[in-house]
Amino acid sequence: VGGNTTLTSSAANGNQWLLNGNPIAGATNQTLVVTTAGTYSVVVTSGNCSATSAAVAVTQATATAPVAS
């Protein structure tokens, strides 16, 4: 809750991160800090070739209220 997750591509360059299959504007670095739940993947392009990673599901835990005794 309120945290983040860092995703890292094995490629230093040519990255385009996707959230639920859609490109994330400006997300082209080797790492992506995720604060929103969803399914993430990265497309790596080198020359005329590109490959898409397997998707990773990021979930968001919910806070639980303390139980009064």
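Refer to the structure above for everything that follows.
Residues numbered from 1 in each chain as written. Predicted model: local features only at pLDDT ≥ 70, side-chain atom pairs only at ≥ 80, totals over all residues. Heavy atoms only, no water.

*Asks:* So what exactly am I meant to see when it comes to the environment of T35 here?
*Replies:* With respect to the helices and strands, the residue T35 is situated in the loop between β4 (31-34) and β5 (38-46). By relative accessible area, T35 is classed as exposed at 54%. If we skip the residues at most four places from it in the chain, T35 touches G3 and N4. (Helix = DSSP H or I, 4+ residues; strand = E, 2+ residues; numbered from the N terminus. Buried < 20%, exposed > 50% of the residue type's maximum accessible area, 1.4 Å probe, protein only. Contact = heavy atoms within 4.5 Å.)

*Asks:* Would you mind going over the nonpolar core with me for this structure?
*Replies:* One broad rule of soluble globular proteins: the nonpolar side chains tend to lie buried together. Residues L7, W17, A27, L32, V34, Y40, V42 and V58 constitute the largest nonpolar core, which totals eight residues. Where this core is concerned, the elements lending two or more residues are β4 and β5. Those residues in contact with V34, other than ones at most four positions away along the chain, are G3, N4, T5, L7, Y40 and V58. (Core = buried A, V, L, I, M, F, W, Y, C linked by side-chain atoms within 4.5 Å.)

*Asks:* So what exactly am I meant to see when it comes to the environment of T28 here?
*Replies:* Secondary-structure assignment places T28 in the loop between β3 (22-23) and β4. Of the residues examined, T28 reaches a relative accessible area of 42% and is grouped as partly exposed. C-alpha separation for the pair T28 and L18, spaced 10 residues apart in sequence, amounts to 9.8 Å. Residue contacts for T28: discarding those within four places in its chain leaves N15, Q16 and W17.

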